[in-house]
Amino acid sequence: MALPELLPEFVTVEDFFGPPVRTAASLSPDGNRIAYLAPWRNRLNVWIEDLDGARTPRCVTADADRSVQEYHWTNDPRRLLYTQDNGGDENWHLYRVDLDAPDAAAVDLTPFPGSRVLHFEMPAERPGRALLTLNLRTLQEFDLHELDIATGEITVLAQNPGYVSDWVPGRGSELFATTMTASGDFEFGRWDSVTGTLHPLLVFDGTDYPMGVYPVQLTPDGTGVWIGSNRGTDRTRVVRVDLASGAETEVDSHPTFDLDTRPMVNPALPPPLILDRRTGELIGARYLRERQVIRPLDPLFAEVLENLSALSDGDLAAISSDESGRRWVVSFTHDRDPGRTYFYDHTTGESRLLFRPFPHLDPATLAPMTPVTVPSRDGLELPCHLTLPVGVEPCGLPMVVQLHGGPWFRDSWGYSPGVQLLANRGYAVLQVNFRGSTGYGKAFVEAAVGEFAGRMHDDVIDAVNWAVGVGYADPDRVAIFGGSYGGYAALVGVTRTPDIFAAAVDYVGISDLAGFMRTIPEFGRRFLVNNFHRFVGDPDDPEQAADIAARSPIYHLDRIRTPLLVIQGANDVRVVRAQSDDLVEELRARGVEVEYMVKEDEGHGFVNPDNQIDMYRAIERFLARHLGSGAGEQQLRT
């Protein structure tokens with residue numbers, strides 16, 4: 001067992017999960033100010049600061065209940081927009097901040113009970129306006145609205161007949177849309193607002209797109225759209241669709257990498273298409289595998305990109321510029337020095353560090369995250385990430401297998417406070433991109449069809465056996481931990497292979513697949529035909545219902561003998577609380593050791609820092625009791 005004195009300096013849970021001093025900086029359109037998120041009453045709120053430091057930074061939002069997660073400059077540098085829900089219920093409202101009225105409260109522009117802003121954008125050709133996908137008419141259908149940002153007036157542009165997936169406004173009154181057919185294919189075409197019908201230009205095979213077609217971006221001249229397409233290839237690339245003829249032309253691709261489509265699931269991540277702020281022209285595209293590659297599509301941006309990339313050995317993350325393209329504010333993804341943010345002036349060549357979000361964390365004490373490839377039993381190569389504790393011989397370590405949600409998502413190289421906490425406590429951490437994970441080609445996703453609790457689980461076990469076989473992990477001290485689909489995978493682990501795991505953590509995980517599909521919110525239910533119905537089955541089909549039950553952990557709780565920690569947000573609308581309540585109640589009735597944490601002000605994943613701290617304190621204690629690393633034992637003693 002690793003000795004405590006060999007471990008790096010002990011870092012507290014609070015230091016890992018307390019709010020950053022600053023994060024998510026973005027430059028104003030005129031290049032004179034930056035906005036960013038920073039704590040106010042222990043919640044992240046929006047702040048602004050003059051770039052030249054002439055005035056004291058000031059907080060311009062005042063949410064003491066829940067951290068703000070996303071904000072946007074308007075094309076008028078006097079105004080910002082941000083979204084916020086209520087305790088994790090995902091009923092997102094859109095708020096306006098008037099920066100020249102410092103004493104004015106933020107204005108709720110969509111103050112309609114039960115409504116949700118599913119998406120909004122501010123096209124350059126519509127100054128002072130925002131286009132909202134909003135369920136104002138009926139809670140089940142999302143229509144396209146135009147919002148006058150200054151007055152708050154909302155006008156309906158198009159009514160959703162119930163099958164439109166995405167709206168794409170064109171020039172003037174032109175409107176395009178993506179719709180889903182009864183068989184699950186996606187049609188893109190011109191929308192007739194008078195008749196409420198689509199005139200298709202092209203069709204995408206729905207089996208290629210488990211979460212929908214993404215991205216879809218109108219070209220500035222209004223004659224085409226840029227789309228992420230894998231038609232006729234295993235890799236997702238950028239194509240241009242001509243809006244007159246429907247002709248599809250490749251714009252850019254990478255020979256081995258997929259276009260980075262993670263922002264479709266997590267909008268906080270930078271978008272794959274990098275657009276000129278003033279003209280809207282496509283100047284770059286992001287591709288991702290082990291590390292990110294940005295391919296410049298504009299000569300000037302190629303020069304800027306070269307200089308920006310030299311600022312850090314991390315991957316370029318958020319990028320914002322003024323409308324002239326002269327001034328830039330950028331941040332970086334890094335496994336040990338996250339979010340380092342710089343200012344760069346392309347005219348003068350000046351650059352300077354603006355801030356590190358976590359200045360109290362010493363990168364030298366943090367553990368490197370290393371991409372590794374693990375062979376599965378059927379020959380599929382599994383892209384994984386291995387993080388080993390610093391200062392400890394990587395031999396016979398207690399290990400935590402950490403699994404991502406989705407499952408149509410992926411783990412990527414970069415900073416993870418949870419992974420770093422575990423490594424700091426002496427655990428090896430193995431993140432497994434099992435089959436079905438996105439970003440590794442179409443065939444890798446397709447390999448998961450019919451394999452929930454089957455080969456997807458085999459991939460996890462194969463990764464554990466690999467880590468044990470090469471000597472990193474102690475086979476008697478392996479835990480499994482995941483959120484959402486990852487929580488489901490953790491429950492599968494302790495029902496299918498209970499002897500493999502010494503402990504398990506289920507964080508907002510699915511225990512009943514049929515129940516999950518029946519209670520998923522309306523905005524996600526229309527996609528079930530391409531993802532859960534195709535990969536698992538339709539619970540309303542009697543012939544498929546038995547197989548779905550067989551793949552649901554709730555029906556196999558008699559197999560569980562592994563200590564379990566269950567974590568749930570009370571307001572979760574994706575994996576509802578009843579899933580975890582039923583699981584815990586039955587396990588306790590059977591005498592299984594199970595701990596249960598519920599946070600009343602959270603939804604599908606904890607946002608507020610104090611709740612994250614409570615959660616990881618519980619995980620820390622739980623794993624130390626059942627895996628017993630040197631650092632964990634030291635923490636228990638203190």
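A brief look at the structure comes next. Computed from a predicted structure; not experimentally measured.

### Here we look at the side chain of Arg 43
Line of reasoning, step 1. Among the structural elements, Arg 43 can be located in strand β3 (residues 43–50).
Line of reasoning, step 2. Polar side-chain contacts of Arg 43 include one of 3.2 Å to the side chain of Asp 610.

### Considerations on the nonpolar core
Line of reasoning, step 1. Among the nonpolar cores identified, the biggest contains 61 residues, and Met 399, Phe 452, Leu 513 and Phe 532 are the most heavily contacted of them.
Line of reasoning, step 2. For this core, the element with the most residues is helix α6 (residues 485–496), which contributes seven residues.
Line of reasoning, step 3. Beyond its immediate sequence surroundings of up to four residues, Met 399 is in contact with Ala 428, Leu 430, Val 464, Ala 467, Ala 473, Arg 477, Val 478, Ala 479 and Leu 627.
Line of reasoning, step 4. Among the nonpolar cores identified, the runner-up in size contains 36 residues, and Phe 17, Ile 619, Ala 624 and Leu 627 belong to it.

### What to know about unusual backbone geometry
Line of reasoning, step 1. The step from Tyr 214 to Pro 215 runs through a cis peptide bond, and the omega angle for that step is -10°.
Line of reasoning, step 2. Relative to the helices and strands, Pro 215 is located in the loop between β16 (197–204) and β17 (216–218).
Line of reasoning, step 3. At the junction of Gly 406 and Pro 407, the peptide bond is cis and its omega measures out at 5° in the coordinates.
Line of reasoning, step 4. Relative to the helices and strands, Pro 407 is located in the loop between β31 (397–403) and α3 (417–424).
Line of reasoning, step 5. A positive phi angle, close to 65°, is found at Ser 484, a residue other than glycine.
Line of reasoning, step 6. Position of Ser 484 relative to the elements: it lies in the loop between β33 (473–483) and α6.
Line of reasoning, step 7. On the accessibility criterion, Ser 484 (16% relative accessible area) is buried.
Line of reasoning, step 8. Residue Val 508 is not a glycine yet carries a positive backbone phi of 45°.
Line of reasoning, step 9. Inspection of the secondary structure puts Val 508 in the loop between β34 (503–507) and α7 (513–519).

The rules we used
- Residues numbered from 1 in each chain as written.
- Predicted model: local features only at pLDDT ≥ 70, side-chain atom pairs only at ≥ 80, totals over all residues.
- Heavy atoms only, no water.
- Helix = DSSP H or I, 4+ residues; strand = E, 2+ residues; numbered from the N terminus.
- Polar contact = N/O pair within 3.5 Å; in protein donor to acceptor, adjacent residues only side chain to side chain.
- Core = buried A, V, L, I, M, F, W, Y, C linked by side-chain atoms within 4.5 Å.
- Buried < 20%, exposed > 50% of the residue type's maximum accessible area, 1.4 Å probe, protein only.
- Contact = heavy atoms within 4.5 Å.

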